[in-house]
Amino acid sequence: MQNEHAANEANYLKYQGKYKGLFAWIFSTDHKRIGLLYLYSIMSMFFIGVLLGLAMKFELLAPGKTIMDAQTYNATFTVHGVIMIFMVVVPGLPAIFGNFLLPIMIGAKDVAFPKLNLLSWWLYMIGVFLVIAALLFGNGAPDTGWTFYAPYSFKTGTNLLPAIFGAFVLGFSSILTGLNFLVTIHRMRCPGLTWSKLPLFVWTLYGTAWIQLLATPVVGITLVLVALERFFGIGVFDPALGGDPILYQHLFWIYSHPAVYIMILPAMGAISEIIPTFSQKQIFGYKAIIASTMAIAFVGYLVWGHHMFTAGMSGTAQYYFSLLTFIVAIPSAIKVFNWISTMYKGAINVQTPLYWGASFIFVFMIGGLSGLVLGSLATDVHVHDTAFVVAHFHYIVFGGVGFAFFAAIHYWFPKIYGRMYQKSWANTGWLVFFIGFLALYSPMFYLGMAGMPRRYYDYLDEFHSGNILSTFGSWIMVTGLVIIVVNLVRSARKGKPAEMDPWHSKTLEWTVPSPPPLENFDDIPVIAEDDGPYNYK
Amino acid sequence: MEQNAHIEHDHYDAEASKIGMWLFIFTELLLFGGLFVVYSVYRYVNPDAFHLAAEELNTTIGAVNTILLLVSSMTIAMSTSTLQYKKKGATLALLAITTIIGIVFLVNKYFEWGVKFSHGIWPGSEHLLNDFSQGEILFFGLYFVMTGLHALHIIIGLVIILVAAYRIHKGTVNENRAALLENAGLYWHLVDLIWIFLFPLFYLLT
C-alpha cells in the first residue's frame, strides 16, 4: 500500500513506468495519457482538414479555376470530409475528453478495460494511416465525397479501397471506445454516485456510447459491401446486376445520421458542465437535460431518411421522416432553454470557456433552425445540394461541436496540464475566430438560397460577392485558430501553475490535483446524500 | 505500468467483462442485421429468382452443419459447468471437441464453396454474370458474403476458444476467474445463432 501511495505522488504527465520516452505514451494504458494521445493525433488531423478547407475556399475566391481543377477540387472536399468526420468530429470529444475525464468524474481509477482503450487508439491510428495511404498512393485521392455513394464509389478509378477500410477501422475503434465507456459507467461509479447524480457530461457520453455501439456496425458492413463490390462485383449496390444504389444510401445514413448525434451529444454535455460552473448556479432542469439526451439518442436513429428526400422515396416515408426530424429538434431546444435558464440570475463569471459556451449556443441555434428548413419537404427541394446545406452542416458540426471543443479545452486545460493559459490571448483568439466563422459560413446560407450548388469548383458570376466574403472569413477564422493554438501550446509549457479548482466547480475532477496523479484518487471518493455535481450555494 | 498491472489485478470484475461481451454481441448482431436487411429487400424484389437459386444449394450439407454447430454450442456450454466443478481435464476435452466441430464445419463449407466454384459460380464469374438472372446474381452474391463473413466469425470464435483453453491449461482461467471462458461461450453461441438464421434463409426457403 505504501508503494502505491508513493507512486501516486507523481502526476500522470511525469510518471515513469516500464517504458521511456515516446513508448511511455503509446503503450500506456492510463486513460489520461490515452486521452492526450487522442488529443494530439486528432488535432494533427484537424489541421490537415483545415488546410484542405482553406484550399477549397481559396479556389472559390473567384469563378473559374483559381488554384485547382475540378478533379482536384472533388478530391479535396472528399478528403476534407473523410478526415473531419471520421477522424476529428466523431472521435473528438468522447475520445479526448471522455477518456481523460470520464473515470475521474465518476470517481474511478481508470476505465473498465484499460488495454482495450489503448487498442482503440491504435486502431484509430491504423485507420488514419490507411486513409492517408489512399491519398498518397494509387491513382489519385478518392473523389466520391465523404459519403462514398454507390455506384460511383465502386466505379471510380481513384484509390478508394484504403479509404473505405480506413473508415471501417475507425468505426471499430469508435465501437470499442463506446463499449468501454458503457461498461465503465455501469460498473465503476464510486459509492454514492447514483445515476441521478452523474455529471451531465457523463450522461451525454453514455448516450453517445449507445449510438456508437448500435449504429456504427451498420455502416461497417455497408462499407465492407462496397469494398466487396469493387473487388468481386457481388451486385448488391450495382444497378447493372440488379442491385439498388438507393439501398446503399439508406444503410449509410442509418449510421451516419446517428453519427451526427455522436458528434453533438458530448458537445452538449461539455456545455452543460461549463454553463453552471461559470454561472455558479445549479443547472436548470437536470432531469430534463438527461431525458432530452436520451431522447435525441433514440429518435436520432429514426430520421436518416431526411438525407434522401430528393433521392427517390415514397411520399409516406417522406412525411414520416420529416415529422420525426421536427420531433428530434425539440430535445435540442429543451437543452438550449435549460442552459439559458441556468445563466438567468446566476453569478456569471465571464471567462474564456463561457465565451465559447455562449457563442456555441448562438451558432447552434442558427444551425439547428436552418436544419428545419432542410427537414421540411417543400423547402428541402429548393435548397437541397446547395451551399445552404454546407452552411447548415458547418454551423452545427463546426459551430456546435467545434465551439464546444474549444470551450472544453479552455475549461479543462488547467486540469489536463496543470497550467493556466493567457486569458487575454485566449479571448482575442475566440473573438477573431468567432467573427471569421460568421463571415465564412453565413454567406453560404444566402448563396444556397440563391441557388449556388455545393461541391463545384466553379460558379456563376452572380455568386461572386458572397464567395469573396466567405473566403475572407476563412482567413480570419484561421488567424483566430492560430492565436488559440499558439496560446495553448505555449501555456502548456510555460503557463502559471493552476490551482486544483480554478473555476470553483463542483464536479469530481476538480477535487484532485492539477494535473491529476497517476491513479486519480488516493482513496476512492464517497458521495454523500446531499452532494451533487452542481450543488452551488 | 506496474501500477496499472496492479489496478487490473485488483479490479477483476466478471460482471463487467460479461456486460462488455454482451454489448459486443449487440454490435455483431447489427453488423449481420445490415446484411439481413439487404437480403430481405432483394428477396422481396426477386422472389422467383431467389427460389430458383436456392435450389442450387445442398440442403444436406447445410443441415449437417446446423447440427454440428448446435452440438458444439452444447459442448462449450458444458465446459463452463465442468470448470465450475473444477474438472479441468473434462473442460479441456469439451473445448477440444468444440474446436474440432468448428473445424469440421469449416471443412464442409470449403467443399460446399468448392462445388459452387467448380460449377463456375462465384461473385463476378462470367458464368454467373452471363447465364443467370439479376435476382440469382444477388442471391449468390449475398450467399458468399454472408456465409463467408459467418465463416470468418467461426475462425475468430475458434481463436478465442483456443486462447481460453490455453489459459485454463495454465490455470489463469479457473473456477474463480472464468470470465474469459464464459465470454468465449457467449461468442460461440452468437456465431451459432447467426447460422441458425442463415440456414433457413438460404437453404430452406425455396
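Right, let's talk about the overall build of chain A for a bit. Helix and strand counts for chain A come out as 16 helices and zero strands. Taken over the C-alpha trace, chain A has a radius of gyration of 23 Å; the compact-globule value for 537 residues is 24 Å, and the two agree within 12%. Reported as C-alpha extents along the three principal axes, the dimensions of chain A are approximately 70 × 50 × 45 Å. Counting every position in chain A, which comprises 537 residues, the buried fraction comes to 57%. Contacts in chain A between residues far apart in sequence, at least 24 positions, make up 84% of those at least 6 positions apart.

Within chain B, the regular secondary structure consists of eight helices and zero strands. For chain B, the N- to C-terminal ordering of α and β elements is α-α-α-α-α-α-α-α. Dimensions along the principal axes, computed over C-alpha positions, put chain B at roughly 65 × 30 × 25 Å. Relative to its full complement of 206 residues, chain B shows a buried share of 34%. Across chain B, the fraction of contacts at a sequence separation of at least 24, relative to all contacts at a separation of at least 6, is 75%.

Attention now goes to the confidence of the model for chain B. In the predicted model, chain B carries a mean pLDDT of 92, and the fraction of residues at 70 or more is 95%. Within the model, the stretch residues 1-9 of chain B combines pLDDT values under 50 with 15 contacts to residues more than four positions away or in other chains.

On the chain A side, the residues contacting the 32 residues of chain B number 38 residues. Breaking the side of chain B that touches chain A down by element, the ones donating at least two residues are α1 (2-10), α2 (14-45) and α7 (134-170) of chain B. Top element by residues in the side of chain B that touches chain A is α2(B). It accounts for 14 residues. Grouping the constituent residues of the side of chain B that touches chain A by class yields 17 nonpolar, eleven polar and four charged.

This brings us to the environment of A:P516. Residues and elements named next belong to chain A. For P516, the position within the fold is in the segment after α16 (464-494). Judged by C-beta crowding, with 25 C-beta atoms within 10 Å, P516 ranks as buried. Remark: the alpha-carbon pair of P516 and M268, spanning 248 residues in sequence, is separated by 24 Å. Once residues within four sequence positions are removed from consideration, P516 is found in contact with N11, Y12, K32 and I104.

Residue and element names in this part refer to chain B. At a closest axis distance of 9 Å, the pairing of α7 and helix α8 (residues 179-204) adopts a crossing angle of 160 degrees. As far as their axial angle goes, α8 and α7 are roughly antiparallel. In this structure, α7 meets α8 at a crossing whose hand is left-handed. The residues of α8 that touch α7, namely those facing Y143, M146, T147, H150, H153, I154, G157, I160, I161, A164, R167 and I168, are L180, L181, A184, Y187, W188, V191, I194, W195, L198 and F202. Considered class by class, the residues forming the contact of α7 with α8 number 17 nonpolar, four polar and one charged.

With the exception of glycine, the majority of residues adopt a negative phi angle, and the majority of peptide bonds are in the trans configuration. A:P151 follows A:A150 through a cis peptide bond whose omega is 0 degrees. The topology assignment puts A:P151 in the loop between α5 (114-136) and α6 (152-155). Going from A:S514 to A:P515, the amide bond is cis rather than trans, its omega being -15 degrees. Among the structural elements, A:P515 can be located in the segment after α16. Of note, A:N520 is a non-glycine position whose phi angle comes to about 65 degrees, a positive value. Residues other than glycine seldom take positive phi values, yet B:K86 does so here, at roughly 60 degrees. With respect to the helices and strands, B:K86 occurs in the loop between α4 (59-84) and α5 (88-118).

All names here are of chain A. At a closest axis distance of 10 Å, the pairing of helix α9 (residues 245-279) and helix α10 (residues 286-299) adopts a crossing angle of 170 degrees. If you check the angle between α9 and α10, you find them roughly antiparallel. Taken together, the residues of α10 that come into contact with α9 (itself represented by Y261, L265 and S272) are I289, T293, I296 and A297. Partitioned by chemical class, the residues of the contact of α9 with α10 number five nonpolar, two polar and no charged.

What follows is about the nonpolar core. Residues and elements named next belong to chain A. By size, the foremost hydrophobic cluster in this structure holds 213 residues, and its most contacted members are L182, V202, A270, I271, A404, A407 and A408. For this core, the leading source of residues is helix α14 (residues 387-417), giving 22 residues. Filtering out sequence-adjacent residues up to four positions away, A404 remains in contact with L93, A267, A270, I271 and F360. Ranked by size, the runner-up nonpolar core spans five residues in total, among them L60, Y73, F77 and Y457.

This part covers the environment of B:I103. Relative to the helices and strands, B:I103 resides in helix α5. Residue B:I103 is classed as partly exposed on the basis of its C-beta count, with 13 C-beta atoms lying within 10 Å.

This brings us to α9(A). Residues and elements named next belong to chain A. Relative to the 51 Å expected for 35 residues at 1.5 Å per residue, α9 spans 51 Å between its end C-alpha atoms, a close match to the ideal helical length. The axis of α9 is deflected most strongly, by about 35 degrees, at W253. Counted residue by residue, α9 has 32 buried out of 35 residues, so it is predominantly covered. At the C-terminal side of α9, Q280 shows a positive phi close to 50 degrees.

Reading the values: rules and limits
- Residues numbered from 1 in each chain as written.
- Chains lettered and ligands numbered in written order.
- Predicted model: local features only at pLDDT ≥ 70, side-chain atom pairs only at ≥ 80, totals over all residues.
- Helix = DSSP H or I, 4+ residues; strand = E, 2+ residues; numbered from the N terminus.
- Rg over C-alpha atoms; globule rule 2.2 N^0.38 Å.
- Buried ≥ 20, exposed ≤ 12 C-beta atoms within 10 Å, placed from the backbone.
- Contact = placed C-beta atoms within 7 Å.
- pLDDT = per-residue confidence, 0-100.
- Nonpolar A, V, L, I, M, F, W, Y, C, P; charged D, E, K, R; others polar.
- Axes fitted to C-alpha atoms, helices over the stretch in contact; angles between N-to-C directions.
- Parallel < 35°, antiparallel > 145°, perpendicular 65-115°, else oblique.
- Left-handed = near helix turned anticlockwise from the far one by under 90°.
- Core = buried A, V, L, I, M, F, W, Y, C linked by C-beta atoms within 7 Å.
- Expected span 1.5 Å × (residues − 1).
- Bend = angle between axes of the 7 residues up to and from the residue.

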